[in-house]
Amino acid sequence: MVGATALSLEGLVAVDADVVRLRRGDLNALSELIARYQNRLYRYLLRIVRQPAEAEDLFQQTWLRVVEKIRSFDASRNFDAWLFTLARNLAIDHLRRIHPQSLDEPLDEPLANSGHSETVADRIPSKDHTPLDHALAAERRTEISEAMAGLPMIYREVLTLRFEDEMKIEEIAQVTAVPVSTAKSRLRRSLEQLRYALEARYPGGTWQWH
Amino acid sequence: MSRFTKELRVIPKAAWIVAWFANLCFTLPLFIFVASTDREVSKWPRWGQALCVCAMFLFMVALVALIGYVYGDAKRRQMRYVMWTLLAIFVPHGIGMILYFILRDPLPKPCPGCGHVEKAKFPFCPRCRTLLQPPCPKCDKPVEPTWANCAYCGQQLPEPATRATQNPSVAT
Amino acid sequence: MALAMNEHDKIRELLALAAAGALTSAEEEQVAEHVRSCIACSNELEAWRPIASELRRLPTPQPSSWLVQATLARAEAKLTEQAEHDWNRRVMIVVVAFAWLLTIANWLVFHFVSGRFGSLLGPQFSHTQFGQTWISFAAFTALGWLAGGVAAVLLAIRQRGERRLA
């Protein structure tokens with residue numbers, strides 16, 4: 001799937017070339033950049049704000065911001081981290097204005113749209129082969145994404161950056177603007193809270209063994 | 001082709017001819033009569049005088065070229081180009097030129113349906129009724145393509161027509 | 001005994017991160033070594049693995065098909081807007097600098113012509129003194145700006161009148 005995980009080395013080199021072209025005003029460079037990051041960026045924003053309509057709006061705003069600030073972007077820096085930082089700042093400002101309480105506290109009940117689609121589940125490489133396994137796997141994913149949607153925003157964020165975007169801890173620390181040790185402890189606490197939520201909601205023991 | 005050379009082509013060819021002519025009329029006589037007769041200036045070294053003449057020559061060319069640019073640019077932006085050219089020439093200290101660059105209209109795009117060029121702000125083409133830039137669906141005011149919501153009435157705006165996929169829709 | 005308990009607790013804290021693949025190689029070695037001997041921690045680690053693997057395999061939510069198109073259109077508009085803005089700013093700087101040059105050139109010509117003209121009328125009118133030159137230059141510039149200001153105001157009135165009709 002294009003752009004579902006972190007970019008390969010050749011992908012990164014292409015991004016740098018696109019950034020240089022974009023600074024000179026090349027429109028095609030912009031469309032290539034958007035195409036490269038569209039899935040990851042949308043997913044990240046969706047995990048933070050949890051509403052697809054708001055995530056789409058923020059997606060557009062992020063790219064407008066990129067165009068505005070590309071001149072002052074130091075080309076030697078990591079474009080990935082910069083893009084996600086921009087998106088993060090916009091998302092947090094948005095949350096502060098519209099849903100101020102959703103930033104810190106976990107929700108008691110899951111939201112109506114957790115933002116996942118079942119059609120994509122088939123394309124993910126899976127060790128399960130039987131239809132039953134597929135169904136079980138799909139169910140587990142639903143449970144996990146619902147549990148994740150109930151976590152506080154900073155925990156959702158670090159989980160998605162680590163597992164879905166496969167960012168290294170140092171990059172996560174850069175995007176979330178915290179020291180590496182804080183990022184590590186956030187990741188640990190988010191996993192612990194996630195597991196606690198799963199064991200509390202689905203006490204049947206699904207999560208005790210694979 | 002850089003932006004600069006592209007803009008240079010806006011200057012009408014006639015302006016360059018006028019520039020040469022103006023140099024003949026002003027710079028050359030100034031040099032001939034002043035340099036030879038004025039006491040102070042003739043004390044200057046030869047290269048100083050030559051430099052001065054070159055500077056005056058270039059200055060005159062730049063002046064006429066700039067006025068020519070105002071003429072050509074105002075014409076392509078569907079502005080009153082005669083008025084603006086006169087302002088650029090006669091308002092002293094180049095303030096006329098400064099005013100022009102501050103107050104000039106944006107560049108109009110040709111209509112994708114019939115190629116007619118009209119002023120930039122109009123949403124419809126006056127010849128073929130093509131919808132050039134859809135106005136706000138609620139309050140009908142012209143909106144910028146970067147806006148997500150109308151700045152006048154707050155209505156959420158649909159996506160702007162992209163360049164590649166622009167389908168001229170005939171308005172009823 | 002106390003030492004072993006501390007180490008055990010420390011490793012337990014690292015287990016979740018180990019399943020996430022977020023440990024340094026030194027820390028990973030520590031965990032691997034401890035897990036070989038400690039069954040409790042080994043089970044804990046295995047308990048974390050399904051969570052980590054499912055998190056990695058979460059389906060990627062798809063944005064609407066029009067989202068990328070709409071974003072591209074808006075971003076492109078912004079890009080051209082910015083390019084225009086930058087270009088206009090550069091042009092303004094050049095024009096203002098040139099306007100100053102023009103002022104000085106006008107002044108020189110005026111000074112020269114009036115000097116010559118004055119000397120025709122009488123010797124007392126030719127080349128004025130240094131101190132007065134700056135004042136007359138300032139006056140000359142100010143008069144020009146006044147004329148420019150009048151033109152600007154007239155233009156603004158005209159433009160506002162036009163906009164009210166539109």
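Residues numbered from 1 in each chain as written. Chains lettered and ligands numbered in written order. Predicted model: local features only at pLDDT ≥ 70, side-chain atom pairs only at ≥ 80, totals over all residues.

Brief notes about the overall build of chain C
Within chain C one finds 5 helices and 0 strands. Reading the helices (α) and strands (β) of chain C from amino to carboxyl end gives α-α-α-α-α. Within chain C, residue pairs in contact and separated by at least 24 positions form 48% of the contacts whose partners lie at least 6 positions apart. (Helix = DSSP H or I, 4+ residues; strand = E, 2+ residues; numbered from the N terminus. Contact = placed C-beta atoms within 7 Å.)

Re the overall build of chain A
Secondary structure assignment for chain A yields 9 helices and 0 strands. When its helices and strands are written in sequence order, chain A yields α-α-α-α-α-α-α-α-α. The proportion of buried residues among the 210 residues of chain A is 37%. (Buried ≥ 20, exposed ≤ 12 C-beta atoms within 10 Å, placed from the backbone.)

A short note on the interface of chain A and chain C
On the chain C side, the residues contacting the 44 residues of chain A number 32 residues. At the level of secondary structure, the elements contributing two or more residues to the side of chain A that touches chain C comprise helix 2 (27-49), helix 3 (52-69), helix 5 (118-121), helix 6 (131-149), helix 7 (153-164) and helix 9 (180-201) of chain A. For the side of chain A that touches chain C, the leading source of residues is helix 2 of chain A, giving 9 residues. Split into classes, the residues belonging to the side of chain A that touches chain C amount to 22 nonpolar, 12 polar and 10 charged. (Nonpolar A, V, L, I, M, F, W, Y, C, P; charged D, E, K, R; others polar.)

What to know about the confidence of the model for chain C
With 85% of its residues at a pLDDT of 70 or more, chain C has an overall mean of 81. What the predictor reports for the complex is a pTM of 0.74 with an ipTM of 0.77. (pLDDT = per-residue confidence, 0-100.)

Thoughts on helix 4 (residues 81-90) of chain B
At 3.6 residues per turn, the α-helix brings residues three or four places apart onto the same side. Residues and elements named next belong to chain B. Every buried residue belonging to helix 4 is among Trp-84, Thr-85, Leu-87 and Ala-88, and all of these are buried. Viewed end-on, helix 4 has its buried residues packed into an arc of 160°, placing them on one side of the element. Away from its buried face, by an angle of more than 90 degrees, helix 4 presents the exposed residues Val-82, Met-83 and Phe-90. (Arc of directions from axis to C-beta.)

Regarding the interface of chain C and chain B
On the chain B side, the residues contacting the 29 residues of chain C number 22 residues. Put simply, the parts of the chain that give the side of chain C that touches chain B at least two residues each are helix 4 (65-121) and helix 5 (130-165) of chain C. Per-element accounting of the side of chain C that touches chain B gives the leading share, 21 residues, to helix 4 of chain C. Taken together, the residues that form the side of chain C that touches chain B break down as 20 nonpolar, 6 polar and 3 charged.

Details of the nonpolar core
By size, the foremost hydrophobic cluster in this structure holds 67 residues, and its most contacted members are A:Leu45 and A:Ala87. The dominant element in this core, judged by the number of residues it contributes, is helix 2 of chain A, at 12 residues. Other than its neighbours up to four places away in sequence, A:Leu45 contacts A:Ala55, A:Leu58, A:Phe59, A:Ala87 and A:Ala91. One finds B:Leu63, B:Val64, B:Ile67 and C:Ala99 within the second-largest nonpolar core, a separate group that totals 21 residues. (Core = buried A, V, L, I, M, F, W, Y, C linked by C-beta atoms within 7 Å.)

A short note on helix 3 (residues 39-56) of chain C
The terminal C-alpha atoms of helix 3 of chain C lie 26 Å apart, and with 18 residues this matches the ideal 26 Å at 1.5 Å per residue to within 8%. Among all positions of helix 3 of chain C, only C:Leu45, C:Ile51 and C:Leu55 are buried. (Expected span 1.5 Å × (residues − 1).)

Some thoughts on unusual backbone geometry
The backbone of A:Arg50 sits at a positive phi, close to 65°, despite the residue not being glycine. Residue A:Arg50 is classed as buried on the basis of its 24 C-beta neighbours within 10 Å. Not every positive phi belongs to a glycine, and B:Gln78 is a case in point at roughly 60°. Position of B:Gln78 relative to the elements: it lies in the loop between helix 3 (46-76) and helix 4.

Side note on the environment of B:Phe59
Examined against the element boundaries, B:Phe59 turns out to sit in helix 3. Residues B:Phe59 and B:Thr27, spaced 32 residues apart in sequence, show a C-alpha to C-alpha distance of 9.7 Å. Those residues in contact with B:Phe59 that lie beyond four places of it in its chain are C:Leu101 and C:Ala105.

Observations regarding the environment of A:Leu45
Residues and elements named next belong to chain A. Here Leu-45 shows up in helix 2. Its 30 C-beta neighbours within 10 Å are what place Leu-45 among the buried residues. Spatially, the C-alpha atoms of Leu-45 and Leu-151 are 15 Å apart, while their sequence positions differ by 106 residues.

Comments concerning the packing of helix 4 of chain B against helix 5 (residues 95-103) of chain B
For any two helices packed against each other, one specifies the crossing angle of their axes together with the interaxial distance. Residues and elements named next belong to chain B. Interhelical geometry of helix 4 versus helix 5 gives an angle of 140° and a closest axis separation of 6 Å. It follows that helix 4 is oblique to helix 5 by the angle criterion. In this structure, helix 4 contributes Trp-84, Leu-87, Ala-88, Ile-89 and Phe-90 to the contact, and helix 5 contributes Gly-96, Met-97, Leu-99 and Tyr-100. In terms of residue class, the contact of helix 4 with helix 5 is built from 8 nonpolar, 1 polar and no charged. (Axes fitted to C-alpha atoms, helices over the stretch in contact; angles between N-to-C directions. Parallel < 35°, antiparallel > 145°, perpendicular 65-115°, else oblique.)

Thoughts on the packing of helix 8 (residues 169-176) of chain A against helix 9 of chain A
All names here are of chain A. Between helix 8 and helix 9, the shortest axis-to-axis distance is 8 Å and the interhelical angle comes to 100°. Judged by the inter-axis angle, helix 8 sits roughly perpendicular to helix 9. Each of Ile-169, Glu-170, Ile-172, Ala-173 and Thr-176 in helix 8 lies in contact with helix 9, whose residues at this interface are Val-180, Ala-183 and Lys-184. Class assignment of the residues belonging to the contact of helix 8 with helix 9 gives a composition of 5 nonpolar, 1 polar and 2 charged.

Re the confidence of the model for chain A
Residues and elements named next belong to chain A. For chain A, per-residue confidence averages 80 on the pLDDT scale, and residues scoring 70 or more make up 80% of the total. Ranking the elements of chain A by mean pLDDT puts helix 5 last, at 36, and helix 3 first, at 92. Confidence drops under a pLDDT of 50 for residues 107-126, and excluding neighbours within four residues, the segment shows 34 contacts in the predicted structure.

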